[in-house]
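Topology and contacts: notes
Okay, here's what each chain looks like letter by letter:
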Amino acid sequence: MERRDFLRKAGLAATGAVAAAAGLAGCGQEKKEEAKGPAVQPKKTYEWKMVTTWPPNLPVLQTGAERFAKRVGEVTDGQLKIEVFAGGELVPPLGVFDAVSEGTVECGSGASYYWAGKVPAAQWFAAVPFGLNAQGINAWFYSGGGLQLWEEVYAPFNVIPRPQGNTGVQMGGWFRKDMNTIDDFKGLKMRIPGLGGKVISKAGGTVVLLPGGEIFTSLERGVIDATEWVGPMHDLRMGFYKAAKNYYYPGWHEPGTCLEVMFNKKAYESLPLEFQHILDAVAAETNMWSLSEFEAGNGAALQTLISEHNVNLVRFPEPLLDELRKLAKETLEEEAEKDPMSRKVNEAFKKFKAQWGVWGSVADNAYYSVIADKYALKK
Ligand code: CA
(Lines give C-alpha, C1' and ligand atoms only; values in the text may rest on other atoms or scores of the structure.)
Protein backbone atom coordinates (compact mmCIF):
# COMPACT_ATOMS: atom_id res chain seq x y z
CA MET A 1 0.00 0.00 0.00
CA GLU A 2 2.78 2.37 0.98
CA ARG A 3 4.69 1.41 -2.12
CA ARG A 4 1.70 2.17 -4.31
CA ASP A 5 1.22 5.57 -2.64
CA PHE A 6 4.87 6.30 -3.16
CA LEU A 7 4.69 5.31 -6.83
CA ARG A 8 1.62 7.45 -7.33
CA LYS A 9 3.24 10.49 -5.72
CA ALA A 10 6.39 9.83 -7.72
CA GLY A 11 4.20 9.72 -10.85
CA LEU A 12 2.63 13.08 -10.02
CA ALA A 13 6.05 14.56 -9.34
CA ALA A 14 7.25 13.24 -12.70
CA THR A 15 4.25 14.86 -14.42
CA GLY A 16 5.15 18.15 -12.72
CA ALA A 17 8.73 17.85 -13.90
CA VAL A 18 7.58 17.35 -17.50
CA ALA A 19 5.32 20.41 -17.25
CA ALA A 20 8.16 22.47 -15.81
CA ALA A 21 10.48 21.37 -18.60
CA ALA A 22 7.85 22.33 -21.18
CA GLY A 23 7.60 25.77 -19.51
CA LEU A 24 11.34 26.30 -19.65
CA ALA A 25 11.40 25.40 -23.33
CA GLY A 26 8.61 27.90 -24.04
CA CYS A 27 8.73 31.59 -24.98
CA GLY A 28 7.95 34.71 -22.99
CA GLN A 29 4.21 34.07 -23.00
CA GLU A 30 4.63 31.28 -20.47
CA LYS A 31 6.73 33.56 -18.32
CA LYS A 32 3.83 36.00 -18.09
CA GLU A 33 1.46 33.21 -16.97
CA GLU A 34 4.02 31.99 -14.49
CA ALA A 35 3.82 35.34 -12.77
CA LYS A 36 0.15 34.63 -11.92
CA GLY A 37 1.18 31.64 -9.80
CA PRO A 38 1.75 27.92 -10.35
CA ALA A 39 -0.55 26.33 -12.97
CA VAL A 40 -3.17 23.95 -11.54
CA GLN A 41 -2.59 20.42 -12.79
CA PRO A 42 -5.70 19.04 -14.51
CA LYS A 43 -7.01 16.02 -12.63
CA LYS A 44 -6.32 12.73 -14.34
CA THR A 45 -9.51 11.11 -15.57
CA TYR A 46 -10.21 7.46 -16.36
CA GLU A 47 -12.79 6.30 -18.88
CA TRP A 48 -14.03 2.78 -18.33
CA LYS A 49 -16.56 0.53 -19.99
CA MET A 50 -18.90 -1.84 -18.15
CA VAL A 51 -20.78 -4.67 -19.87
CA THR A 52 -23.71 -6.47 -18.24
CA THR A 53 -25.69 -9.67 -18.69
CA TRP A 54 -29.02 -7.80 -18.33
CA PRO A 55 -31.53 -6.51 -20.88
CA PRO A 56 -31.72 -2.71 -21.20
CA ASN A 57 -33.76 -1.01 -18.43
CA LEU A 58 -34.28 -4.22 -16.39
CA PRO A 59 -35.19 -2.73 -12.99
CA VAL A 60 -32.65 -3.06 -10.17
CA LEU A 61 -30.40 -5.40 -12.19
CA GLN A 62 -29.49 -3.23 -15.21
CA THR A 63 -30.55 -0.01 -13.49
CA GLY A 64 -28.42 -1.10 -10.50
CA ALA A 65 -25.35 -1.43 -12.74
CA GLU A 66 -26.10 2.05 -14.13
CA ARG A 67 -26.57 3.42 -10.62
CA PHE A 68 -23.19 1.96 -9.65
CA ALA A 69 -21.50 3.75 -12.56
CA LYS A 70 -23.26 7.02 -11.80
CA ARG A 71 -22.29 6.91 -8.11
CA VAL A 72 -18.64 6.17 -8.92
CA GLY A 73 -18.67 9.23 -11.18
CA GLU A 74 -20.18 11.38 -8.44
CA VAL A 75 -17.85 10.22 -5.69
CA THR A 76 -14.73 10.64 -7.82
CA ASP A 77 -15.92 14.08 -8.97
CA GLY A 78 -16.03 12.85 -12.56
CA GLN A 79 -12.52 11.44 -12.56
CA LEU A 80 -13.63 7.82 -13.03
CA LYS A 81 -16.26 7.64 -15.75
CA ILE A 82 -17.93 4.29 -16.41
CA GLU A 83 -20.04 3.86 -19.53
CA VAL A 84 -22.53 1.00 -19.13
CA PHE A 85 -23.61 -1.36 -21.93
CA ALA A 86 -26.57 -3.73 -21.48
CA GLY A 87 -26.39 -7.37 -22.55
CA GLY A 88 -25.65 -7.68 -26.27
CA GLU A 89 -24.86 -4.02 -26.82
CA LEU A 90 -21.10 -4.50 -26.80
CA VAL A 91 -20.62 -8.20 -26.02
CA PRO A 92 -23.17 -11.05 -25.75
CA PRO A 93 -24.79 -11.31 -22.27
CA LEU A 94 -22.91 -14.51 -21.51
CA GLY A 95 -19.64 -13.08 -22.83
CA VAL A 96 -19.29 -10.63 -19.93
CA PHE A 97 -16.87 -12.70 -17.85
CA ASP A 98 -14.52 -13.32 -20.78
CA ALA A 99 -14.61 -9.65 -21.81
CA VAL A 100 -13.54 -8.58 -18.31
CA SER A 101 -11.02 -11.41 -17.99
CA GLU A 102 -9.36 -10.55 -21.31
CA GLY A 103 -9.40 -6.82 -20.60
CA THR A 104 -11.65 -5.98 -23.57
CA VAL A 105 -13.54 -3.90 -20.99
CA GLU A 106 -12.51 -2.80 -17.49
CA CYS A 107 -15.58 -4.11 -15.64
CA GLY A 108 -18.79 -6.11 -15.86
CA SER A 109 -21.97 -6.91 -13.98
CA GLY A 110 -23.95 -10.14 -13.80
CA ALA A 111 -24.41 -13.15 -11.54
CA SER A 112 -21.62 -15.67 -11.00
CA TYR A 113 -23.70 -18.78 -11.82
CA TYR A 114 -23.65 -17.72 -15.47
CA TRP A 115 -19.98 -18.71 -15.60
CA ALA A 116 -20.47 -22.23 -14.16
CA GLY A 117 -19.45 -23.84 -17.47
CA LYS A 118 -16.05 -22.15 -17.26
CA VAL A 119 -15.67 -21.71 -13.50
CA PRO A 120 -17.73 -24.42 -11.72
CA ALA A 121 -16.93 -23.07 -8.22
CA ALA A 122 -18.46 -19.69 -9.17
CA GLN A 123 -22.00 -21.06 -8.63
CA TRP A 124 -21.75 -20.96 -4.83
CA PHE A 125 -21.37 -17.16 -4.87
CA ALA A 126 -24.67 -16.52 -6.65
CA ALA A 127 -27.37 -18.95 -5.57
CA VAL A 128 -27.37 -22.31 -3.82
CA PRO A 129 -30.66 -24.26 -3.51
CA PHE A 130 -31.63 -24.32 0.19
CA GLY A 131 -28.50 -22.23 0.79
CA LEU A 132 -27.98 -18.80 2.33
CA ASN A 133 -30.45 -15.93 2.08
CA ALA A 134 -29.35 -12.30 1.49
CA GLN A 135 -28.37 -11.68 5.11
CA GLY A 136 -26.55 -15.01 5.25
CA ILE A 137 -24.60 -14.59 2.02
CA ASN A 138 -23.61 -11.02 2.93
CA ALA A 139 -22.44 -12.26 6.33
CA TRP A 140 -20.43 -14.97 4.59
CA PHE A 141 -18.88 -12.50 2.10
CA TYR A 142 -18.03 -9.62 4.41
CA SER A 143 -17.44 -11.38 7.73
CA GLY A 144 -17.11 -15.11 7.09
CA GLY A 145 -14.30 -15.39 4.53
CA GLY A 146 -16.63 -15.84 1.52
CA LEU A 147 -15.32 -12.87 -0.46
CA GLN A 148 -11.69 -13.97 -0.07
CA LEU A 149 -12.66 -17.39 -1.44
CA TRP A 150 -14.50 -15.76 -4.34
CA GLU A 151 -11.40 -13.67 -5.12
CA GLU A 152 -9.35 -16.88 -5.07
CA VAL A 153 -11.76 -18.54 -7.53
CA TYR A 154 -11.60 -15.60 -10.00
CA ALA A 155 -7.85 -14.89 -9.57
CA PRO A 156 -6.64 -17.27 -12.33
CA PHE A 157 -8.84 -15.29 -14.74
CA ASN A 158 -7.48 -11.86 -13.69
CA VAL A 159 -10.93 -10.88 -12.41
CA ILE A 160 -11.73 -9.25 -9.06
CA PRO A 161 -15.33 -9.84 -7.82
CA ARG A 162 -17.46 -7.75 -5.47
CA PRO A 163 -21.06 -8.34 -4.32
CA GLN A 164 -23.17 -5.63 -5.98
CA GLY A 165 -26.77 -6.64 -5.32
CA ASN A 166 -29.16 -9.21 -3.98
CA THR A 167 -32.65 -10.24 -5.05
CA GLY A 168 -33.65 -11.49 -1.61
CA VAL A 169 -35.62 -14.75 -1.48
CA GLN A 170 -37.10 -15.36 -4.93
CA MET A 171 -40.49 -16.93 -5.66
CA GLY A 172 -40.87 -20.65 -6.42
CA GLY A 173 -42.47 -19.91 -9.77
CA TRP A 174 -45.64 -19.92 -11.87
CA PHE A 175 -47.32 -23.29 -12.43
CA ARG A 176 -50.27 -24.04 -14.68
CA LYS A 177 -51.20 -27.07 -12.54
CA ASP A 178 -51.26 -27.80 -8.80
CA MET A 179 -48.05 -29.08 -7.23
CA ASN A 180 -48.91 -31.48 -4.42
CA THR A 181 -46.11 -34.05 -4.32
CA ILE A 182 -42.62 -34.47 -5.75
CA ASP A 183 -44.13 -36.76 -8.41
CA ASP A 184 -45.88 -33.75 -9.92
CA PHE A 185 -42.47 -32.70 -11.28
CA LYS A 186 -42.28 -35.85 -13.42
CA GLY A 187 -42.60 -34.80 -17.05
CA LEU A 188 -43.08 -31.16 -16.05
CA LYS A 189 -41.47 -28.76 -18.51
CA MET A 190 -40.06 -25.86 -16.53
CA ARG A 191 -37.87 -22.87 -17.27
CA ILE A 192 -35.48 -22.85 -14.31
CA PRO A 193 -31.73 -22.22 -14.73
CA GLY A 194 -28.69 -23.17 -12.69
CA LEU A 195 -28.45 -25.61 -9.80
CA GLY A 196 -32.21 -25.39 -9.22
CA GLY A 197 -32.71 -26.70 -12.76
CA LYS A 198 -30.43 -29.65 -12.00
CA VAL A 199 -32.61 -30.46 -8.97
CA ILE A 200 -35.77 -30.36 -11.11
CA SER A 201 -34.13 -32.72 -13.62
CA LYS A 202 -33.40 -35.15 -10.78
CA ALA A 203 -37.06 -34.96 -9.78
CA GLY A 204 -37.99 -36.09 -13.30
CA GLY A 205 -38.77 -32.70 -14.83
CA THR A 206 -37.55 -31.35 -18.15
CA VAL A 207 -35.58 -28.14 -17.85
CA VAL A 208 -36.16 -25.75 -20.72
CA LEU A 209 -33.75 -22.86 -21.21
CA LEU A 210 -35.34 -19.80 -22.77
CA PRO A 211 -34.25 -16.21 -23.25
CA GLY A 212 -36.23 -13.77 -21.08
CA GLY A 213 -38.23 -12.46 -24.03
CA GLU A 214 -39.65 -15.90 -24.93
CA ILE A 215 -40.77 -17.12 -21.50
CA PHE A 216 -44.22 -15.52 -21.38
CA THR A 217 -45.33 -16.77 -24.80
CA SER A 218 -43.99 -20.26 -24.08
CA LEU A 219 -45.93 -20.43 -20.83
CA GLU A 220 -49.09 -19.02 -22.36
CA ARG A 221 -49.03 -21.51 -25.25
CA GLY A 222 -48.21 -24.48 -23.00
CA VAL A 223 -44.76 -25.03 -24.54
CA ILE A 224 -43.64 -25.00 -20.90
CA ASP A 225 -45.80 -25.89 -17.86
CA ALA A 226 -44.00 -23.67 -15.38
CA THR A 227 -41.39 -20.97 -15.00
CA GLU A 228 -39.54 -19.20 -12.26
CA TRP A 229 -38.22 -15.69 -12.79
CA VAL A 230 -37.37 -13.44 -9.84
CA GLY A 231 -39.95 -12.15 -7.36
CA PRO A 232 -43.29 -10.30 -7.44
CA MET A 233 -41.84 -6.99 -8.70
CA HIS A 234 -40.20 -8.51 -11.79
CA ASP A 235 -42.80 -11.26 -12.29
CA LEU A 236 -45.65 -8.72 -12.36
CA ARG A 237 -43.81 -6.79 -15.08
CA MET A 238 -43.47 -9.99 -17.16
CA GLY A 239 -47.26 -10.59 -16.96
CA PHE A 240 -46.95 -14.27 -15.99
CA TYR A 241 -50.25 -14.07 -14.07
CA LYS A 242 -52.03 -14.00 -17.45
CA ALA A 243 -50.56 -17.39 -18.38
CA ALA A 244 -50.54 -19.36 -15.09
CA LYS A 245 -52.61 -18.76 -11.98
CA ASN A 246 -50.64 -20.71 -9.34
CA TYR A 247 -47.83 -18.66 -7.83
CA TYR A 248 -45.77 -20.92 -5.58
CA TYR A 249 -43.39 -20.00 -2.76
CA PRO A 250 -40.75 -20.06 -1.37
CA GLY A 251 -37.98 -19.80 -3.97
CA TRP A 252 -36.01 -22.71 -2.50
CA HIS A 253 -33.72 -22.67 -5.55
CA GLU A 254 -32.63 -19.01 -5.22
CA PRO A 255 -32.93 -17.96 -1.57
CA GLY A 256 -30.86 -14.78 -1.95
CA THR A 257 -29.20 -14.50 -5.34
CA CYS A 258 -26.11 -12.32 -5.25
CA LEU A 259 -25.41 -10.03 -8.18
CA GLU A 260 -21.81 -9.15 -8.88
CA VAL A 261 -19.63 -6.43 -10.24
CA MET A 262 -16.24 -7.58 -11.47
CA PHE A 263 -13.12 -5.73 -12.42
CA ASN A 264 -10.26 -6.60 -14.70
CA LYS A 265 -7.36 -6.99 -12.28
CA LYS A 266 -4.90 -4.92 -14.30
CA ALA A 267 -7.41 -2.07 -14.79
CA TYR A 268 -8.38 -2.10 -11.10
CA GLU A 269 -4.78 -2.07 -9.91
CA SER A 270 -3.81 0.70 -12.31
CA LEU A 271 -6.18 3.07 -10.47
CA PRO A 272 -5.02 5.24 -7.57
CA LEU A 273 -5.64 3.41 -4.29
CA GLU A 274 -8.44 5.78 -3.25
CA PHE A 275 -10.36 4.98 -6.45
CA GLN A 276 -10.02 1.26 -5.73
CA HIS A 277 -11.53 1.93 -2.30
CA ILE A 278 -14.31 3.95 -3.94
CA LEU A 279 -15.19 1.07 -6.28
CA ASP A 280 -15.37 -1.30 -3.30
CA ALA A 281 -17.44 1.13 -1.24
CA VAL A 282 -19.90 1.93 -4.05
CA ALA A 283 -20.30 -1.82 -4.76
CA ALA A 284 -21.25 -2.36 -1.10
CA GLU A 285 -23.60 0.62 -1.23
CA THR A 286 -25.26 -0.73 -4.40
CA ASN A 287 -25.58 -4.14 -2.73
CA MET A 288 -27.61 -2.53 0.08
CA TRP A 289 -29.62 -0.35 -2.34
CA SER A 290 -30.52 -3.32 -4.52
CA LEU A 291 -31.79 -5.48 -1.66
CA SER A 292 -33.80 -2.53 -0.36
CA GLU A 293 -35.41 -2.01 -3.79
CA PHE A 294 -36.37 -5.69 -3.96
CA GLU A 295 -37.73 -5.81 -0.41
CA ALA A 296 -39.83 -2.67 -0.85
CA GLY A 297 -40.94 -3.40 -4.43
CA ASN A 298 -41.84 -7.06 -3.88
CA GLY A 299 -44.21 -6.32 -1.01
CA ALA A 300 -46.16 -3.81 -3.11
CA ALA A 301 -46.19 -5.99 -6.25
CA LEU A 302 -47.37 -9.07 -4.35
CA GLN A 303 -50.34 -7.10 -3.08
CA THR A 304 -51.17 -6.02 -6.67
CA LEU A 305 -50.92 -9.60 -7.96
CA ILE A 306 -53.33 -10.82 -5.28
CA SER A 307 -55.86 -8.01 -5.23
CA GLU A 308 -55.89 -6.93 -8.88
CA HIS A 309 -54.97 -10.08 -10.79
CA ASN A 310 -56.53 -12.74 -8.58
CA VAL A 311 -53.37 -14.81 -8.41
CA ASN A 312 -53.50 -18.04 -6.42
CA LEU A 313 -50.64 -17.70 -3.94
CA VAL A 314 -49.62 -21.17 -2.73
CA ARG A 315 -46.93 -22.49 -0.43
CA PHE A 316 -45.18 -25.66 -1.64
CA PRO A 317 -46.29 -28.53 0.65
CA GLU A 318 -43.69 -29.35 3.31
CA PRO A 319 -43.11 -33.00 2.18
CA LEU A 320 -42.49 -31.77 -1.40
CA LEU A 321 -39.91 -29.26 -0.12
CA ASP A 322 -38.27 -32.05 1.96
CA GLU A 323 -37.86 -34.14 -1.20
CA LEU A 324 -36.43 -31.19 -3.13
CA ARG A 325 -34.01 -30.53 -0.27
CA LYS A 326 -32.71 -34.12 -0.45
CA LEU A 327 -32.24 -33.84 -4.21
CA ALA A 328 -30.52 -30.46 -3.80
CA LYS A 329 -28.03 -31.97 -1.35
CA GLU A 330 -27.18 -34.73 -3.85
CA THR A 331 -26.82 -32.16 -6.63
CA LEU A 332 -24.43 -30.00 -4.61
CA GLU A 333 -22.23 -32.96 -3.66
CA GLU A 334 -22.03 -33.99 -7.32
CA GLU A 335 -21.16 -30.45 -8.40
CA ALA A 336 -18.52 -30.21 -5.67
CA GLU A 337 -16.74 -33.25 -7.11
CA LYS A 338 -16.17 -31.46 -10.43
CA ASP A 339 -12.91 -29.82 -9.34
CA PRO A 340 -10.86 -29.22 -6.18
CA MET A 341 -11.88 -25.56 -5.96
CA SER A 342 -15.60 -26.44 -6.04
CA ARG A 343 -15.01 -28.93 -3.24
CA LYS A 344 -13.17 -26.31 -1.19
CA VAL A 345 -15.91 -23.69 -1.70
CA ASN A 346 -18.72 -26.16 -0.98
CA GLU A 347 -17.08 -27.25 2.29
CA ALA A 348 -16.59 -23.64 3.42
CA PHE A 349 -20.17 -22.77 2.42
CA LYS A 350 -21.65 -25.76 4.30
CA LYS A 351 -19.63 -24.98 7.42
CA PHE A 352 -20.73 -21.34 7.47
CA LYS A 353 -24.36 -22.19 6.69
CA ALA A 354 -24.62 -24.77 9.49
CA GLN A 355 -23.56 -22.21 12.07
CA TRP A 356 -25.52 -19.30 10.62
CA GLY A 357 -28.66 -21.45 10.14
CA VAL A 358 -28.95 -22.23 13.84
CA TRP A 359 -28.70 -18.55 14.70
CA GLY A 360 -31.23 -17.66 11.98
CA SER A 361 -33.75 -20.12 13.34
CA VAL A 362 -33.67 -18.59 16.82
CA ALA A 363 -33.43 -15.00 15.55
CA ASP A 364 -35.09 -14.02 12.24
CA ASN A 365 -37.15 -17.14 11.70
CA ALA A 366 -38.71 -16.97 15.15
CA TYR A 367 -39.30 -13.26 14.78
CA TYR A 368 -41.00 -13.60 11.37
CA SER A 369 -43.38 -16.20 12.79
CA VAL A 370 -44.31 -13.75 15.54
CA ILE A 371 -45.06 -10.84 13.19
CA ALA A 372 -46.60 -12.85 10.29
CA ASP A 373 -50.12 -11.74 9.49
CA LYS A 374 -51.95 -14.25 7.32
CA TYR A 375 -54.69 -11.75 6.62
CA ALA A 376 -52.46 -8.85 5.59
CA LEU A 377 -52.91 -9.66 1.88
CA LYS A 378 -56.33 -8.38 0.90
CA LYS A 379 -58.22 -9.95 -1.96
CA1 CA B 1 -34.63 -16.77 -10.74
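Let me begin by describing the structure that accompanies this report. Worth saying up front: this structure is predicted, and the values here are computed from it rather than measured.

1. Notes on the sheet that holds strand β11 (residues 312–315)
The strands making up a sheet are joined through hydrogen bonds of the backbone, oriented either antiparallel or parallel. If you walk across this open sheet you meet the 6 strands as β7-β6-β8-β5-β9-β11, and the pairing is mixed. At either end of the open sheet lies a strand with only one pairing partner, and these are β7 (206–207) and β11. Across 2 bridges, strand β6 (residues 189–191) lies against β7 in parallel orientation. Of the residues in β7, the one forming a bridge with M190 is V207.

2. Quick word on the sheet that holds strand β1 (residues 46–52)
Strand order in the open sheet made by the 5 strands is β2-β1-β3-β10-β4, with mixed pairing throughout. Of all the strands in the sheet, just β2 (80–85) and β4 (159–166) have a single pairing partner and so form its edges. In this sheet, neighbouring strand axes are inclined to one another by 25 degrees on average, regardless of whether the strands run parallel or antiparallel. Summarising the sheet, strand β3 (residues 107–110) and strand β10 (residues 258–264) pair through 4 bridges and their orientation is antiparallel. Looking at β10, one finds that S109 is bridged to V261. Here helix α3 (residues 62–75) sits on the sheet and contacts β1, β2, β3, β4 and β10; the angle it forms with β2, its principal contact strand, is near 165 degrees. With respect to the sheet, helix α6 (residues 146–154) is in contact with β4 and β10, its orientation differing from that of β4 by roughly 135 degrees.

3. Examining the packing of α6 against helix α13 (residues 340–362)
Their axes nearest at 11 Å, the elements α6 and α13 cross at an angle of 170 degrees. The angle between α6 and α13 places the two elements in the roughly antiparallel class. Contacts between α6 and α13 pair L149, E152 and V153 from the former with M341, K344, V345 and A348 from the latter. For the contact of α6 with α13, a count of residues per class yields 5 nonpolar, no polar and 2 charged.

4. Quick notes on the nonpolar core
Ranked by size, the top nonpolar core spans 33 residues in total, and within it F125, W140, F141, Y154, M262 and V345 carry the most contacts. Of all the secondary-structure elements, those providing two or more residues to this core are α4 (96–102), α5 (134–143), α6, β10, α12 (318–336) and α13. A per-element tally of this core places α6 first, with 5 residues. With residues near it in sequence (within four places) discarded, V345 still touches A121, W124, F125, W140, L149 and V153. Ranked by size, the runner-up nonpolar core spans 25 residues in total, among them A111, I215, V230 and F294.

5. What about α12?
With 19 residues, α12 should cover 27 Å at 1.5 Å per step; its first-to-last C-alpha distance of 27 Å lies within 8% of that length. All buried positions along α12 are accounted for by L320, L321, L324, L327, A328, T331, L332, E335 and A336. As for α12, its buried residues are in contact with α7 (194–202), β11 and α13.

6. Observations regarding the side chain of N298
Looking at where N298 falls in the secondary structure, it is placed in helix α11 (residues 273–309). According to the relative accessible area criterion, N298 is buried, its value standing at 12%. When sequence neighbours within four positions are dropped, the list of residues in contact with N298 reads T167, G231, P232, M233 and E293.

7. So, unusual backbone geometry
The step from Y249 to P250 runs through a cis peptide bond, and the omega angle for that step is 0 degrees. Positionally, P250 belongs in the loop between β9 (246–249) and β10. With phi around 60 degrees, N158 is a residue other than glycine that occupies positive phi space. Note that N158 resides in the loop between α6 and β4. Judged by relative accessible area, which is 39%, N158 ranks as partly exposed.

8. Some details on the pattern of salt bridges
Considering all chains together, one arrives at 22 salt bridges under this definition. The residue E269 makes a salt bridge to K265 at a minimum N-O spacing of 3.5 Å. Within this pair, E269 and its partner K265 are both found in helix α10 (residues 265–269), separated by 4 residues, close to a single helical turn. For E269, a relative accessible area of 38% gives the class partly exposed. In this structure, the salt-bridge partner of E335 is K338, at a minimum N-O distance of 3.2 Å. Since its relative accessible area comes to 49%, K338 is described here as partly exposed.

Procedures and definitions
Residues numbered from 1 in each chain as written. Predicted model: local features only at pLDDT ≥ 70, side-chain atom pairs only at ≥ 80, totals over all residues. Heavy atoms only, no water. Pairing = 2+ DSSP bridges. Helix = DSSP H or I, 4+ residues; strand = E, 2+ residues; numbered from the N terminus. Axes fitted to C-alpha atoms, helices over the stretch in contact; angles between N-to-C directions. Contact = heavy atoms within 4.5 Å. Parallel < 35°, antiparallel > 145°, perpendicular 65-115°, else oblique. Nonpolar A, V, L, I, M, F, W, Y, C, P; charged D, E, K, R; others polar. Core = buried A, V, L, I, M, F, W, Y, C linked by side-chain atoms within 4.5 Å. Buried < 20%, exposed > 50% of the residue type's maximum accessible area, 1.4 Å probe, protein only. Expected span 1.5 Å × (residues − 1). Salt bridge = Lys/Arg side-chain N within 4 Å of Asp/Glu carboxyl O.

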